[in-house]
Structure formats: C-alpha cells, structure tokens
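# Structure assessment
Now for the letters of each chain:
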Amino acid sequence: MSPRAIGPVSVTTGDVLIALAFLAFLGALAYPTVRVRAFRSLVEDVSSEVETMRSAAAGVFSRDGRWPDAGAPSAIPSELAGAFSGDSTLARDAYTLQWSRWEVVDYLPPPRASTPTPTDADAPPDSVGPRLVAVIRDVGAIVVHSGNDALLAALLARHGPAVSFVRDTTWTLTVEAPGGTSGG
Amino acid sequence: MARKRKKSKSDARPAKGGKKGRAPGDSEHSKEDAAEATPAVAKKKGRSKKTATRKKSSAAADVVAAAESTEELAALGRSDTPDAVTIVDLGAVEDLEVIDLEADQGLEVIRIDDEGDLEVFDLDEDLAADDAVAALLAETMAFVESEEGTAKPPVPPLREESPVVEAEEAQTIKAPRVPVGAELPAEPNPDLAVAMSEMRHAGLTGDLDDDAFDLGEVSGVEDRDRLLAAALAHAEMQEAIYRVPTSTGQTRRWKATIASLIFVLALFVAARPPGFVMPDPPARVSGADELYGIRVTLLIQSQQIEAFRARNLRLPNSMEEVAVQLPGVRLVRSSNRLYQLIAYTRRGEAVVYDSSTPGPEFEGIAREWVTTRGGS
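This write-up is about the structure you can find in this document. This one's a predicted model, so the numbers in the text were calculated from it and none came from an experiment.

### Section: helix α6 (residues 221-242) of chain B
Residue and element names in this part refer to chain B.
- Compared with the 32 Å implied by 1.5 Å per residue over 22 residues, the 31 Å span of α6 between its first and last C-alpha is a close match.
- All of the buried residues along α6 are Arg226, Ala229 and Ala233. Along the long axis of α6, the arc covered by the buried residues comes to 65°, so they all point the same way. When the buried face of α6 is taken as reference, the exposed residues oriented beyond 90 degrees from it are Ala235, Gln238, Glu239 and Tyr242.

Written as structure tokens, this is what we have:
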C-alpha cells in the first residue's frame, strides 16, 4: 500500500471544540421542539388512561346499575382491575389517577296526587305548598393528580369546563352515565 | 549466537598456560567454511537446552594460540589455517572458560554461572567474522561484569546421574576483559551501500518484499544492514502516514475563538430560543380557570352536605361526617339549617358558598354543570 494513498488524518483539540460547540448549538435549537413533542406525548398518555378508566366504569354501571366504589389516589378499584390488568397501581411518573364517586341531590316535586277541592274559607293559604322531594344519585369522577400545571391545563382544554375542572394540583372529570344521565 | 546450558561440572580443568603455535591440520573443519558461515545468531535455532553428552575429544585439545585482545582473536579467526584455533587463551577471568567442547575443532566460550551451570557460547562459526567475535565477547563480558562483586557460589558436586560434559580433554582458557559495548570494526562496503539504498527505497514505496529478509537467517553484516535499512524505511513510511501536524499557535487561537463564539451562541439560543424554533406555548391554568374550579368544588361539596341532610335530616356537625370530602373546603355552620362552605385561591382570596343564598355565579354553574343541570 503506497503511503500516498492514505492522507494524514489530523484532528486537533480546536477542531473537537468547534464540533462540540456546533453540536451544542444544534441541541439548543432542537430542545424546545423536543420538549413540546414529549409534552404532547404525555398528554396523549394521560388521555388514553382516562378514557380506559371511563370506559371500564361505564361498563360497570351498565352491568350493575351503579358506579364503582371510590378509591384512594393510585389505587385501582376492584371493579376496574380488569381494565388495568398489567398494572398494580395507577401512579405514574408525571401523574396519578384516581376514581372517585359523588352524590348529587335533586329536589323534585312530589308525584302528582289528587288534590282536595277547596270548599270555602277553609282553603289553605297559597304559601303552603307541597314539599320538594330530595332524590339522591351517584356520579362518577376521574381525578388526575399532577404537579404539572401545563398538563392540567391541557386536559381542561381538551375536555372542556362543562365536565371538568382544575383545583390546585388536580384535574377532575365527571363521568356521564350511559344514556346521558349522571347516575342514580 | 548459540547458548547451550549444560549441567555443572565440578572437575573443570584449570586454565593451562598458552603456548603459541599452530595445531596440525588434522581438523575436518574448514576455515573457508567457517569464513562463509554466518554468525551463530542466525544459524542456531534459538536457545535450547541441550543435554550434554559425554564426549571425548578425538584429539587432545591443547592451547595452540593465545589472544590477549579481541583484535588478536579476530586475527586468529581470519587465519587461513582451517583448524588453527581450537583453544584460545583469552585472559584471566575466573568464571569464563573457552574450550573445544564439541570436539569439532571449533571454539566455545563457557561461563559458569552462580548456580554452577555452564553456559556455552559457540564460537566455531564466528571466527570468520571479527565483529561477531567481538560482539560475542562483549556480550559475555557484559554479563560477567554485571556479576562482578557478587560472591561466586561453589560449584556443586557433580552428580553421577546427570549428564555432564566430559571435560578431561578440554582445556580451560581465561578470557580477557572486554569493555561493555565494544565498537565493531567498521569496513565500508560499496555494494552494501547500494543494497541499503535499494532496500530503503523499497521500504518507502511499500514494495518491500516480505521475503527480502529472513530473521532466522540473518547472521552477517550485510543482512543486518539490510534489516536496519528496511526498518528505517518502514518507520519513515509509518511516520509519513500517521504524522499529526501540529497546529500553530495562531491557528489554535482562531479555533478556540470560534468554538467559544459558537458556545456562547448556543447558550443564548437555549435561554431565548428564536420564534421559528419555538412552538406554541403550552397551556396554563388561568385565574379564571382556577376560580371556576373553586366554585365547582364548593358546589359539589354542597351536594354532599345536602345528601347527608336528606338522609339524616340534619346538617353534619363537621366535615368529617360527610362521606365525600373535597380537598381545601371548610364547613361553617351558621344555624341548624344554614351553612357556608369556604375555599381559598392561590392568592389567598376567599370564595364562599352560602347555602341560604348561593349567589348568581353558583347558580349559573349549576345550570351548566353536567351533574346539576338536570337537578335542583
């Protein structure tokens, strides 16, 4: 092999520094985009798990006529264990899921009954009317605990204020019962 | 150079006085052959332990020549008499003996080391090369001088079962002191210069034939010079290929400056990225979103208290009696039928839900909120 066929390969320290500096510059340019991509991926992951929990809870409601019992943060309710078969906890690196259940009271007028015909002056005053009847029903809720404000805001923007809200470090989504009602 | 380690002998013959003269030419060893022979370095197959056999010299080996210097020894080696030299008196060194050990009319240098073993240096083929002889002696004496001052252990008694060298017929000769690193006599050879030049050119161009030299056969001056030329040429080729040019000081400064500028630019871009690389800013929880969330929380908590009242026909005495307790909400009972729920924003502002008059903001939320819009 002739020596002329191979040229000298010389890389000095200055060349290495310039290459490193250029790589750092490219990294600085790419970092914001990389962060946004990672954040969007996180939002997608959370939404996917929320949807999984909601579907599982709706299935339990359709089957049993009631929502699953509420659980502690990161705990998987027994009725929803099938939907998270590969997990033992709902705690993730950036967030924690929780299934909750509330009660709602609806004050409804009593069933219409036969009203006595007033005779004369013995008619009761108008201020005395029939009492409203309190009807208690359950509603389900999925709570996401996270210290990432941007994540909570993204979830609020995705699902809307009519069914979700943000409070401190939690985002709560109210689960509607199949058929449009919230439960009973 | 051949080195043969032999078992020690306890009955080494003492050195005899030298007697100038020439041995009769009854040796089968031809001086021409010795002259043409390459040094023992090339001919001998490396070092090997050779079990010495009991030999007897066919002819009595007497001191036939004496040499008090390497030059005299070299002169003896160049003698035309084939078997002129069998034993050479090399001076007085107690642990160095030169005998004709193999009875081949050649010459061996024997040294007894500290363990009593014999080290034999075969000189029979080196006599034709004066510089080889000098080199051989120089190496031997260098080792001897390194042992100078150390106590020489006694030679162990000869064991009958061990093979020994029959030294009755051999004469021991003392070797002179040769300075370490004795210079070889140099005789310029014009043919050799041409050969070296060609070898060097072949090494530079990479056309050096691998068979051009055989390390196992190198024994002469020409071969060594050829090896040296090839090695130098190879080294020059390697240096030409892999030489790393050193950058000058000015170039180094420029490169350092450029690298620093790019680093600073990278830091600036990291701190304040330009608009074209900055994507849409992520969503944030606004103040309105926070206030809305607090009101919805108070509304939901009031539903839990109403459910408790509907079941128990009374208000709970404290929040702990309520099955569902939303975080950050405080219950204040103003009477047996009225209560307030209080929560605070991050700025410390209080938001109050009064059960007697909830307020229009709570009524609006109740109309839109999914859990309450179908209810009361």
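### Brief notes about the interface of chain A and chain B
- Taken together, the contact pairs 48 residues of chain A with 51 residues of chain B.
- Sorting the residues of the side of chain A that touches chain B by element identifies α1 (13-64), β1 (96-108), β2 (133-145), α2 (149-159) and β3 (164-167) of chain A as the ones contributing at least two each.
- Counting residues per element, the side of chain A that touches chain B draws most heavily on α1(A), which supplies 15 residues.
- Tallied by class, residues from the side of chain A that touches chain B come to 34 nonpolar, seven polar and seven charged.

### Details of the nonpolar core
- Among the nonpolar cores identified, the biggest contains 50 residues, and A:Met53, A:Ala57, A:Ile142, A:Leu155 and B:Leu299 are the most heavily contacted of them.
- Here the element with the most residues in this core is helix α8 (residues 287-312) of chain B; it accounts for eight residues.
- Each residue touching A:Ala57, except ones within four places of it in the same chain, is listed here: A:Trp67, A:Pro68, A:Leu80, A:Trp99, A:Gly140 and A:Val175.

### Overview of unusual backbone geometry
Residues and elements named next belong to chain A.
- Here the phi dihedral of Ser74 falls at roughly 75°; this positive angle occurs in a residue that is not glycine.
- With respect to the helices and strands, the residue Ser74 is situated in the loop between α1 and β1.
- The backbone of Asp168 sits at a positive phi, close to 55°, despite the residue not being glycine.
- Of note, Asp168 is situated in the loop between β3 and β4 (170-175).

### Some points on α1(A)
- For α1(A), which comprises 52 residues, the first-to-last C-alpha distance of 73 Å matches the rise-based estimate of 76 Å (1.5 Å per residue) to within 8%.
- For α1(A), the set of buried residues is A:Ile18, A:Val46, A:Val50, A:Met53, A:Ala56, A:Ala57 and A:Phe61.
- In this structure, the buried side of α1(A) is in contact with β1, β2, α2 and β4 of chain A together with α7 (249-271) of chain B.
- Downstream of α1(A) by one or two residues, A:Gly65 has phi in the positive range, about 80°.

### Considering the packing of α8(B) against helix α9 (residues 360-368) of chain B
All names here are of chain B.
- The N-to-C vectors of α8 and α9 enclose an angle of 80°; their axes lie 10 Å apart at closest approach. Between α8 and α9, the angle falls in the class roughly perpendicular. Facing Arg295, Val296 and Leu299 of α8, the residues of α9 in contact are Glu361, Phe362, Ile365 and Ala366.
- Here the residues of the contact of α8 with α9 sort into five nonpolar, no polar and two charged.

### As for the sheet that holds strand β8 (residues 339-344) of chain B
Residue and element names in this part refer to chain B.
- Overall, antiparallel pairing links the three strands, which are arranged β7-β8-β9 in an open sheet. With one partner strand each, in any of the chains shown, β7 (330-333) and β9 (350-354) form the two edges of the open sheet. On average, each strand axis in the sheet is inclined to that of its neighbour by 25°, with strand direction left out of account.
- Relative to β9, β8 runs antiparallel, the two being bridged by five bridges. Opposite Tyr344, over in β9, you have Ala350 as the bridge partner.
- α8 rests against β8 and β9 of the sheet, and its axis sits at about 150° to β8.

Calculation rules
Residues numbered from 1 in each chain as written. Chains lettered and ligands numbered in written order. Predicted model: local features only at pLDDT ≥ 70, side-chain atom pairs only at ≥ 80, totals over all residues. Helix = DSSP H or I, 4+ residues; strand = E, 2+ residues; numbered from the N terminus. Expected span 1.5 Å × (residues − 1). Buried ≥ 20, exposed ≤ 12 C-beta atoms within 10 Å, placed from the backbone. Arc of directions from axis to C-beta. Contact = placed C-beta atoms within 7 Å. Nonpolar A, V, L, I, M, F, W, Y, C, P; charged D, E, K, R; others polar. Core = buried A, V, L, I, M, F, W, Y, C linked by C-beta atoms within 7 Å. Axes fitted to C-alpha atoms, helices over the stretch in contact; angles between N-to-C directions. Parallel < 35°, antiparallel > 145°, perpendicular 65-115°, else oblique. Pairing = 2+ DSSP bridges.

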